[in-house]
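# Structural overview
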Amino acid sequence: MASPSAARMLEETPLSVGRRPMRVLIALRSPMDCQLLLIASNRSRRQISIVACAVSKPDILQRFSLGSIDVALINADLADGSMAGLEVLPEILASYRKTPIVTLFDTWNDDLVLHAFRAGAKGVFCRTEKKLDMLWKCIAAVHQGQVWANSGQLHLLLNSIRKTIPIRGASSPGMNLLATRETQVANLVVEGLPNKAIALKLGITEHTVNNYLFRIYNKLGISSRVELVLYVMKEREHRLCAT
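Residues numbered from 1 in each chain as written. Predicted model: local features only at pLDDT ≥ 70, side-chain atom pairs only at ≥ 80, totals over all residues. Heavy atoms only, no water.

## Digging into the pattern of salt bridges
Within this structure, the stated rule accounts for five salt bridges. Its salt-bridge partner being Glu87, residue Lys57 comes within 3.1 Å of it at the nearest N-O pair. You can see Lys57 sitting in helix α2 (residues 57-65) and its partner Glu87 sitting in helix α3 (residues 84-87), a full 30 residues away along the chain. For Lys57, a relative accessible area of 23% corresponds to the partly exposed category. The salt bridge involving Glu182 is made with Lys219; its shortest N-O contact spans 2.8 Å. With Glu182 in helix α8 (residues 180-190) and Lys219 in helix α10 (residues 206-220), this residue pair connects regions lying 37 residues apart in the sequence. On the accessibility criterion, Glu182 (3% relative accessible area) is buried. A cluster of three or more residues bridged by salt bridges with shared partners is formed by Arg29, Asp106 and Arg127. (Salt bridge = Lys/Arg side-chain N within 4 Å of Asp/Glu carboxyl O. Helix = DSSP H or I, 4+ residues; strand = E, 2+ residues; numbered from the N terminus. Buried < 20%, exposed > 50% of the residue type's maximum accessible area, 1.4 Å probe, protein only.)

## Remarks on the nonpolar core
If you look at the biggest cluster of nonpolar residues, it comprises 52 residues, and the most contacted ones within it are Ile60, Val185 and Leu228. At seven residues, helix α11 (residues 225-242) tops the list of elements feeding residues into this core. Sequence-distant contacts of Val185, defined by excluding residues within four places in its chain, comprise Ile198, Leu202, Val209, Tyr212, Leu213 and Ile216. Of all hydrophobic cores here, the second largest spans 23 residues; its members include Ile26, Leu37, Leu135 and Val142. (Core = buried A, V, L, I, M, F, W, Y, C linked by side-chain atoms within 4.5 Å. Contact = heavy atoms within 4.5 Å.)

## Details of the confidence of the model for the protein
Detailed reading of the predicted coordinates is not advisable wherever pLDDT is low. Per-residue confidence for the protein gives a mean pLDDT of 82; residues scoring 70 or more make up 85%. Across the protein, the secondary-structure element scoring lowest on mean pLDDT is strand β1 (residues 8-9), at 38, and the one scoring highest is strand β4 (residues 71-75), at 97. The low-confidence segment residues 1-18, where pLDDT is below 50, has 36 contacts with residues more than four positions distant or belonging to other chains. With pLDDT under 50 throughout, residues 166-172 is counted as low confidence; its partners more than four residues away or in other chains account for eight contacts. (pLDDT = per-residue confidence, 0-100.)

## Focus on the packing of aromatic side chains
Applying the stated rule across the entire model yields two aromatic pairs. With 5.0 Å between their ring centres and 35 degrees between their planes, Phe64 and Tyr96 make a pair best called tilted. Taken together, the residues Phe64 in helix α2 and Tyr96 in the loop between α4 (89-95) and β5 (101-105) connect sequence positions 32 residues apart. In this structure Phe64 comes out as buried when scored by relative accessible area, which is 4%. Relative accessible area serves as the criterion here: at 25%, Tyr96 is assigned to the partly exposed category. Ring centres 6.2 Å apart and planes at 50 degrees place the aromatic pair Phe105 and Trp108 in the tilted group. (Phe/Tyr/Trp six-rings, centres within 6.5 Å; stacked < 30°, edge-to-face > 60°.)

What follows is the structure, encoded as structure tokens:
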């Protein structure tokens, strides 16, 4: 049987009139898996349109090179090997940093969840979750700038950072480095609000929120939203332990 063609283009089927649906690339283990998920997405009322399907690392990179991708859903295992979906994440991140990625797992594995986030994923999802609507929510959340992980996975990430980064002394400035507005933005990020919601809540523009985040990252020595969430959680934990 001939191998699947690279990055098959799928016809976009708008789910509503007006706002353009999110354009999603799905990378699964087989064309059949892709087709089944495409059918399921067309039955959803959410603003999601699967515009391309890939089943291997070369497929994924080729489709990314063509543009027009808002979010990528990439299975940990692909047609070209176990964990191939995880292996391709750093390559995607190097060239397409602004496109959020959700990593799809067959079962939860702490080490693989950590690997996915370290490699650049903005969300993780497991096939054991029976409600497909939760997958669409996950995709929408990362598209809005949020991180999709349950509380157990966030604590897993926090514990991982604790093992690799020395705990600062009580005299360390930590969050005190931030101005009042920067602290407000950081706390709202931790609450899970996307930039648009933060802007509305604080009465500022999304561009201003982005500027605040840039300053926050520079001051705290971090580079991503996930790191900011974990940094603030670690600071809060440290203060509780000190009282």
